[in-house]
Amino acid sequence: MNTPQFRSVLGGFFRPRSVAVVGASDREGSVGRQVFENLLSAGFDGAIYPINHRHASVLGHATYARVCDVPGAIDLCVVAVPKQGVRAVLGDCIAKGVQFVLVMSAGFGEQGPEGLALQNELIEVARAHQVRIIGPNCLGLLIPTLGLNASFSKATPSPGRLALVSQSGALCTAILDWAELTRVGFSAVVSLGNAADVEFGELLDELALDVHTKSILLYIEGLHDARRFLSGLRAAARMKPVVILKAGRHAAAIAAASSHSGALASADDVFDAALARAGAVRAHSIGQLFAVAELLASGRRLEGAGLDGEGLAIVTNAGGPAVMACDRAADLQLELANIGESSRGRLREALPAAAVVRNPIDILGDATPERYRAALEIVGSDPAVKATLALLTPQAMTNPTEVAASIASSASSSSAVMLACLMGGQQVLAGRQLLHERHVPQFNTPEAAIEALSCLDQFRRNQQLLLQLPGPATFGIEPDLSLARSIVSRAIELEQPWLDAPQTRALLGAFHIPVLPLVLASSVEHAQQAAQQMGYPVALKISALGIVHKTEVGGVLLDIGSDAALRTGFEQLRERALARVSAEQFAGVIVEPMCRRSHGRELLLGVFTDPTFGPVLTFGAGGVEVELLRDRAVELPPLSHELARSLVQRTAIARRLAAYRGKPAADLQAVCDVLVRLSELVCALPEVVELDINPLIADPSGVVALDARVRVRQSTGLGARHDHLALSPYPHELVKRVQVKETRVTLRPIRPEDAEMEAKFVKTLAPDARYHRFMLTIRELSPALLARLTQIDYDREMAFVATVETAAGELEIGVARYHTNPDGLSCEFAIVVADEWLGKGIGRSLMRELMQRAAARGLQTMRGTVMLDNHAMVAFVKSLGFSVARSSTLDEFVASRELSDFLPS
């Protein structure tokens, strides 16, 4: 379906027709003067209104005392007055009907509690009147395609294809200065400042659909709404490269965690995991961000196999720089291309006998422009080469400017990505300038070029991960949520932050995580009775409030083989406990059967709470040396089995799970099952803030948890049970089974695991149905489109499938979906039902579920387009209460319906 036009929620910032500057001034060095001068000089062709109640004119332009005095409409108001006057200006904007305000003024949330209170008051008033604010404490906004420079930056960039969004105004000015030198253009530059209202998520939505923006750069210092950010990031990164520089990589935000999982974590790991899930890529320095921007500005992309196998070719006139490039490539796992024999033969013919024709290709220090062109064209046409780096050092026989021309000529004719590195200073300036003018990415050092290429390759690989299609799901037994919630609620009611051992085992058991049986014994006699029933030998462990890590206090005794040994051990553990906690806190001694698994591996599985992204899952090596080994990887819930397997493979312990030296492989599937069940646990129970299973023993026969600890706290301030998650989980609560014409039909949200089923469904559709729904004239869906249809963001879109059970398994018979527009108020819908199920009420049932979900998510209007010859669809949507009208610009109908009657009572 084509998408009708919708209202952009940030249109007044990105497409204003008029701008007012409150605080415009004649005073040299003032922010108000710089902003007003920039607006006048950048070429903006809309109305510009200076607001200054003290002066009749500013820079020769008549002023207005207040925003309310301006005779015409104002789309955007720029505020450059001291913080004490901002609230009054906002009041004037509200009275005037201005909906978009850019607050440059400082002194708000960045300056402590008093400033934060002032900022919160400002935003509360703005939201009450549907006014959107960028800032406060920001550099401003630049839209070069409009000639709009509403900032106090002295540089005005040229129009280009890069968008920059930054929380740091200083970084914006540095990048703009660099861009002026390198002639890199921008589609938009947005300084967010404190990001008190407009945040990254909404801006990503806007830039994802901006036709002038081909790549996006973000500089982030902190996030207020991780879920909104990741939702917008995922949508944008599916469409264009997004590169992020994050400050505060080693913030000790999780240092207070008591579990092993939390103690091992870092905010940086979590941020990387979040970016990978969204398909974006990260730069790790300002220099690297500049390098990536240079490459992205060229518009070149890595296609096909990319560089994670072979693919990089280096052509150089000096050996040293080539070695430096190779070293950095090896660091970043970029491998050199294996140049084919045919290409090597052509190189031998074109180059002097002393030249090196194996990669890197050394064309010698006296290389002429013609020699560079010949080598680059041969290498660039080799099928194994995906990217070429041309290196030059200015030697006595070298003409850098003419070589640069040869490089640019080769870049225009090569299918491979071309990068250049002209090393040196004054001698290569003209060559660098020529490359900039010809849009060939140029770097001052080999390392910078390789780092930029690595980021581009990482983006390609992250996108491929998003497109991986999981196999059909084999869902096991549903967890006992009622039991789990009662355990957690009881502990919170008793103000018990850590679950005791029986509660912990019961909680894990409710999610079908294998655990050993245990008995909590309050006396020696009770412990002996339990051990006799289990059978010796047994293990004894302290159970006491305030003792989290038992091994650190000598609180675990193994291989207790008799009643006498048990009595001695019980007394030892009681003494050790009472040396650290009160008698009231000592609950007793846990008795467990000894777990003897000769081929077992000790693993750690856990959960901790990140202050920005919420629950985080961790996996790695377990046992008593867990902090010493520090072998772990992290991932955000929810997890699929594919993500769980990927999480395991990112650790060193993963290699020990495989068979080696006569030791059989552990059951990897069972390990992944536990990770998925832990994901289900933290998705369902926002009260669980820390959890360790250490160790989880894995061997060829399966897994079992030997010890675990769980910390809980009252879940407050959450509007829904899943609001604690940064990524929206599968909405199990929407699964419904209905009776349709004597057939039992399941209506449920689509899952990533439905890819194979979805492909079969589309393949069986009649040609006209397939064309009307998917605009396809072929029977097969591409993997990219199939992933897009099944791996959805449940926050902003929904797809309900109707399925029936057959002898061959679940069969899809219809699907209806909507996608939320960036205005946040409307959505576009589409529906298709299998031919043999038409007229049986399937479509009506699907649309009813779809409209109820859309209304529950706060959407007000549902729209869709229908081709003129699709008479059956026109009649169908009319029967559902949609109004249908001929499109004024396209050869189709537009169907529209308000959703107010679907709001829950």
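This text goes with the structure placed above it.
Residues numbered from 1 in each chain as written. Predicted model: local features only at pLDDT ≥ 70, side-chain atom pairs only at ≥ 80, totals over all residues. Heavy atoms only, no water.

### Thoughts on the overall build of the protein
Here's step 1: For the protein, the count of helices and strands is 29 helices and 38 strands.
Here's step 2: Radius of gyration (C-alpha) of the protein: 32 Å, near the 29 Å computed for a compact globule of 905 residues.
Here's step 3: Along the three orthogonal principal directions, the C-alpha set of the protein runs to about 95 × 80 × 65 Å.
Here's step 4: Relative to its full complement of 905 residues, the protein shows a buried share of 56%.
Here's step 5: Taking the contacts inside the protein whose residues are at least 6 apart along the sequence as the reference set, 71% of them involve residues at least 24 apart.
Here's step 6: On the protein, roughly 37,300 Å² of surface is accessible, and the fraction owed to carbon and sulfur atoms is 52%.
Here's step 7: Counting 87 positive and 96 negative side-chain charges, the protein places the averaged centre of each group 2 Å from the other. (Helix = DSSP H or I, 4+ residues; strand = E, 2+ residues; numbered from the N terminus. Rg over C-alpha atoms; globule rule 2.2 N^0.38 Å. Buried < 20%, exposed > 50% of the residue type's maximum accessible area, 1.4 Å probe, protein only. Contact = heavy atoms within 4.5 Å. Areas by Shrake-Rupley, 256 points an atom, 1.4 Å probe, with all protein chains shown as cover. Lys, Arg positive; Asp, Glu negative; His and termini not counted. Charge placed at Lys NZ, Arg CZ, Asp CG, Glu CD.)

### Here's the deal with the sheet that holds strand E21 (residues 519-521)
Here's step 1: As summarised here, the arrangement of the four strands in space is E21-E24-E22-E23, forming an open sheet in which the pairing is antiparallel. Where the open sheet ends on each side, the last strands, each with one partner, are E21 and strand E23 (556-560). This sheet shows a mean twist of 30° between the axes of neighbouring strands, independent of strand direction.
Here's step 2: Of the pairings in the sheet, the one linking strand E22 (residues 538-544) to E23 comprises three bridges and is antiparallel in character. (Pairing = 2+ DSSP bridges. Axes fitted to C-alpha atoms, helices over the stretch in contact; angles between N-to-C directions.)

### Considering the sheet that holds strand E38 (residues 892-898)
Here's step 1: Spatial ordering of the open sheet is given by E31-E32-E33-E34-E35-E36-E38-E37, a layout of eight strands whose pairing is mixed. The open sheet has two free edges, formed respectively by strand E31 (736-740) and strand E37 (883-886), since each of these has just one partner strand. Going from strand to strand, the sheet's axes swing by 30° on average, the running direction of each strand aside.
Here's step 2: Relative to the sheet, helix H28 (residues 842-856) contacts E31, strand E32 (743-749), strand E33 (797-806), strand E34 (809-820), strand E35 (826-833), strand E36 (861-867) and E38, its axis offset from that of E34 by approximately 40°.

### What about the nonpolar core?
Here's step 1: Residues Leu218, Phe229, Leu230, Leu233, Val242, Ile244 and Phe613 are the most contacted members of the largest nonpolar core, which totals 63 residues.
Here's step 2: Residues Val184, Val292, Ile450 and Leu453 belong to the second largest nonpolar core, which totals 50 residues. (Core = buried A, V, L, I, M, F, W, Y, C linked by side-chain atoms within 4.5 Å.)

### What about unusual backbone geometry?
Here's step 1: The amide bond that connects Gly135 to the next residue, Pro136, takes the cis arrangement and shows omega of -5°.
Here's step 2: One can find Pro136 in the loop between strand E7 (132-134) and strand E8 (140-143).
Here's step 3: The peptide bond linking Pro637 to Pro638 adopts the cis configuration, its omega dihedral lying at 5°.
Here's step 4: Tracing the backbone through its elements, the reader meets Pro638 in the loop between strand E27 (632-635) and helix H22 (641-649).
Here's step 5: Even without being a glycine, Glu495 presents a positive backbone phi close to 55°.
Here's step 6: Within the secondary structure layout, Glu495 lies in the loop between helix H17 (481-493) and helix H18 (501-510).

### Comments concerning the pattern of salt bridges
Here's step 1: All chains considered together, the criterion is met by 46 salt bridges.
Here's step 2: Between Glu571 and Arg574 there is a salt bridge, with its nearest N and O atoms 2.6 Å apart. Here Glu571 pairs with Arg574, and both are found in helix H20 (residues 563-578), just three residues apart, close to one helical turn.
Here's step 3: Since its relative accessible area comes to 26%, Arg574 is described here as partly exposed.
Here's step 4: The closest approach of N and O atoms between Arg863 and Glu828, which form a salt bridge, is 3.9 Å. Of this pair, Arg863 sits in strand E36 while Glu828 sits in strand E35; the two residues are 35 residues apart in sequence, bridging distant segments of the chain.
Here's step 5: A residue is classified by how much of its surface remains accessible, and Arg863, at 17% relative accessible area, is buried.
Here's step 6: Among the residues examined, Glu828 registers a relative accessible area of 11% and is labelled buried. (Salt bridge = Lys/Arg side-chain N within 4 Å of Asp/Glu carboxyl O.)

### With respect to the side chain of Ser187
Here's step 1: As for its placement among the helices and strands, Ser187 is situated in strand E11 (residues 186-191).
Here's step 2: A relative accessible area of 2% means that Ser187 is categorised as buried.
Here's step 3: Beyond its immediate stretch of four places on either side in the chain, Ser187 contacts Ile143, Pro144, Thr145, Gly160, Arg161, Leu162, Ala163, Asp210, His212 and Thr213.

### What to know about helix H5 (residues 169-182)
Here's step 1: Taking 1.5 Å per residue as the helical rise, H5 with its 14 residues ought to reach 20 Å, and the 20 Å between its terminal C-alpha atoms agrees with that figure.
Here's step 2: Within the span of H5, buried status applies to Leu171, Cys172, Ile175, Leu176, Trp178, Ala179 and Thr182. The arc enclosing the buried residues of H5, seen along the axis, measures out at 165°, which places them on a common side. Away from the buried face of H5 by more than 90 degrees, exposed residues Ala170, Glu180 and Leu181 are located.
Here's step 3: Elements that come into contact with the buried residues of H5 comprise E8, strand E10 (159-166), E11, strand E12 (215-220), helix H10 (286-297) and helix H15 (429-437). (Expected span 1.5 Å × (residues − 1). Arc of directions from axis to C-beta.)

### Observations concerning the packing of aromatic side chains
Here's step 1: Scanning all chains against the criterion turns up seven aromatic pairs.
Here's step 2: On the basis of an interplanar angle of 80° and a centroid distance of 5.9 Å, the ring pair of Tyr49 and Tyr64 is categorised as edge-to-face. In this pair, Tyr49 is assigned in strand E2 (residues 47-51) and Tyr64 in the loop between strand E4 (61-62) and strand E5 (76-79), connecting sequence segments 15 residues apart.
Here's step 3: On the basis of relative accessible area, Tyr49 is assigned to the buried category, the value being 14%.
Here's step 4: Aromatic pair Trp178 and Phe290: ring centres 4.9 Å apart, planes at 20°, arrangement stacked. One end of the pair, Trp178, is in helix H5; the other, Phe290, is in helix H10, and 112 residues separate them in sequence. Accessibility classification places Trp178 together with Phe290 in one group, the buried group.
Here's step 5: Across the ring face of Trp837, the terminal group of Lys840 is positioned such that the distance to the ring centre comes to 4.9 Å. (Phe/Tyr/Trp six-rings, centres within 6.5 Å; stacked < 30°, edge-to-face > 60°. Lys NZ or Arg CZ within 6 Å of the ring centre and 35° of its normal.)

### Overview of the pairing of E32
Here's step 1: In terms of burial, E32 is largely enclosed, as five of its seven residues are buried.
Here's step 2: Pairing geometry for E31 and E32, over five bridges, is antiparallel. Within E32, the position partnered with Gln739 by the bridge is Arg744.
Here's step 3: Connecting E31 to the antiparallel partner E32 that follows it, the hairpin turn spans two residues, and Lys741 within it adopts a positive phi of roughly 50°.
Here's step 4: Inspection of the sheet shows E32 paired to E33 by four bridges, in the antiparallel sense.

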